[in-house]
Amino acid sequence: MTIRSARIILASAAALAGLVLCFSLVLLASGRLSAPSAPQTAAIGGPFRLTDQNGGTVTEQNLKGAPFLVFFGFTHCPEVCPTTLFELSEILRKLGPDGKRVRVVFITIDPERDTPAALKDYLSSFDPRMLALTGDPAEIAALAKAYRVYYKKVPLEQDYTMDHTAIVYLMDKEGRFVSPFSLKRTTEAAAADLRRYL
Ligand code: NI
């Protein structure tokens with residue numbers, strides 16, 4: 001092979017690689033080259049079978065017909081969970097009679113300590129219309145994953161605490177994910193936002 005023909009081959013190969021790269025970028029930009037198994041729209045949430053604070057069984061079917069807010073946390077949480085539940089209680093109160101048509105669901109990521117009785121006791125500090133759910137640790141782990149909620153046990157000197165995602169999710173009447181629900185606004189604004197999904 002002459003040096004000249006080797007150069008031509010190299011140049012052609014480079015040009016071809018460039019073309020392939022450009023084409024891939026166009027495909028990526030148009031969203032066609034994403035992982036084959038990944039859904040095109042963000043799927044958040046999913047079916048479950050858990051136990052509420054009164055010992056009753058609750059599934060995603062029981063939540064259909066009303067929009068709901070879901071929040072994963074635990075009763076031993078020092079600050080974020082109680083603050084969030086307090087704010088959600090205020091929003092329900094602000095909704096007045098419409099508050100009966102919205103569900104607020106608190107799902108524990110610490111089922112080891114959060115029994116139905118512990119949840120019931122905890123909820124007595126907040127709006128009584130809230131639903132608190134616990135259940136099988138594996139079921140909760142699967143559901144947290146479906147909601148893209150991260151949590152992890154963090155050992156302390158005597159016992160432990162939980163590190164966790166503190167996002168409130170707004171789900172519509174059909175149980176489909178709408179958006180994260182912001183609490184960084186007035187109670188009035190949050191209540192007005194919720195009313196749109198009734
Ligand atoms: Ni918390």
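Quick note: structure is the one above.
Keep in mind it's a predicted model, so treat the numbers as computed, not measured.

Glancing now at the pattern of salt bridges. Applying the stated rule across the entire model yields 11 salt bridges. Taking the shortest distance from any N to any O, the salt bridge between R195 and D98 comes out at 2.9 Å. Pair noted here: R195 is in helix 5 (residues 187-195) and D98 is in the loop between helix 2 (80-95) and strand 4 (103-108), with a separation of 97 residues, a long-range link. Here E112 and K153 are joined by a salt bridge, their closest N and O atoms 2.9 Å apart. Residue E112 is found in the loop between strand 4 and helix 3 (116-123), and its partner K153 is found in strand 6 (residues 151-155); the two are separated by 41 residues along the sequence. Classification of E112 as exposed rests on a relative accessible area of 55%. One continuous salt-bridge network, built from bridges that share partners, spans D98, R101 and R195.

This part is about the layout of surface pockets. Each pocket or cavity is described by its volume, and for the largest pocket that value is around 190 Å³. In terms of lining residues, the largest pocket is bounded by F71, V80, T84, E87, A166, I167, V168, P180, F181, S182, L183 and K184. Grouping the amino acids of the lining of the largest pocket by side-chain chemistry returns eight nonpolar, two polar and two charged.

Whether parallel or antiparallel, the strands of a sheet pair through hydrogen bonds between backbone atoms. Taken in spatial order, the seven strands make up an open sheet running 2-1-5-4-3-8-9, and their pairing is mixed. Strands at the two margins of the open sheet, each flanked by one partner only, are strand 2 (57-59) and strand 9 (177-180). Going across the sheet, the axis of each strand differs from the next one's by a mean of 35°, ignoring polarity. Examined bridge by bridge, strand 8 (residues 168-171) and strand 9 share three bridges and lie antiparallel to one another. The partner of L170 across the bridge, within strand 9, is S179. Helix 2 contacts strand 3 (68-73), strand 4 and strand 8 of the sheet and is inclined by roughly 165° relative to strand 3.

Next up on the list: helix 2. Across its 16 residues, helix 2 extends 23 Å between first and last C-alpha, which sits within 8% of the 22 Å expected from 1.5 Å per residue. Every buried residue of helix 2 is accounted for by C81, T84, L85, L88, S89, I91, L92 and L95. The buried side chains of helix 2 occupy one side of the element, clustering within an arc of 160° when seen end-on. Elements in contact with the buried residues of helix 2: strand 3, strand 4, helix 3, strand 7 (160-164), strand 8 and helix 5. Of the residues one or two after helix 2, G96 is the one with positive phi, at around 60°.

As a further point, take the side chain of H164. If you trace the backbone, H164 turns up in strand 7. Among the residues examined, H164 registers a relative accessible area of 13% and is labelled buried. Polar side-chain contacts of H164 include one of 3.2 Å to the backbone oxygen of F72.

Examined against the element boundaries, C77 turns out to sit in the loop between strand 3 and helix 2. Taking relative accessible area as the criterion, C77 reaches 10% and is therefore assigned buried. Residues C77 and T161, 84 residues apart in the sequence, show an inter-C-alpha distance of 7.3 Å. If sequence neighbours within four positions are ignored, C77 has contacts with P82 and H164.

Here the focus is the pairing of strand 8. Moving residue by residue along a regular strand, the side chains alternate between the two faces of the sheet. Taking every second residue as pointing to the same face, both faces of strand 8 are buried, with V168 and L170 on one and Y169 and M171 on the other. Where strand 3 and strand 8 come together, four bridges link them in antiparallel fashion. Looking at strand 8, one finds that F68 is bridged to M171. Joining the antiparallel neighbours strand 8 and strand 9 is a turn of five residues, in which G175 adopts a positive phi near 85°.

About the criteria used
Residues numbered from 1 in each chain as written. Predicted model: local features only at pLDDT ≥ 70, side-chain atom pairs only at ≥ 80, totals over all residues. Heavy atoms only, no water. Salt bridge = Lys/Arg side-chain N within 4 Å of Asp/Glu carboxyl O. Helix = DSSP H or I, 4+ residues; strand = E, 2+ residues; numbered from the N terminus. Buried < 20%, exposed > 50% of the residue type's maximum accessible area, 1.4 Å probe, protein only. 1 Å grid on protein atoms, 1.4 Å probe; cavity = no way out; pocket = protein on both sides within 12 Å on 5 of 7 lines; lining within 4 Å. Points joined across faces, edges and corners; volume = space filled by probe spheres on them. Nonpolar A, V, L, I, M, F, W, Y, C, P; charged D, E, K, R; others polar. Pairing = 2+ DSSP bridges. Axes fitted to C-alpha atoms, helices over the stretch in contact; angles between N-to-C directions. Contact = heavy atoms within 4.5 Å. Expected span 1.5 Å × (residues − 1). Arc of directions from axis to C-beta. Polar contact = N/O pair within 3.5 Å; in protein donor to acceptor, adjacent residues only side chain to side chain.

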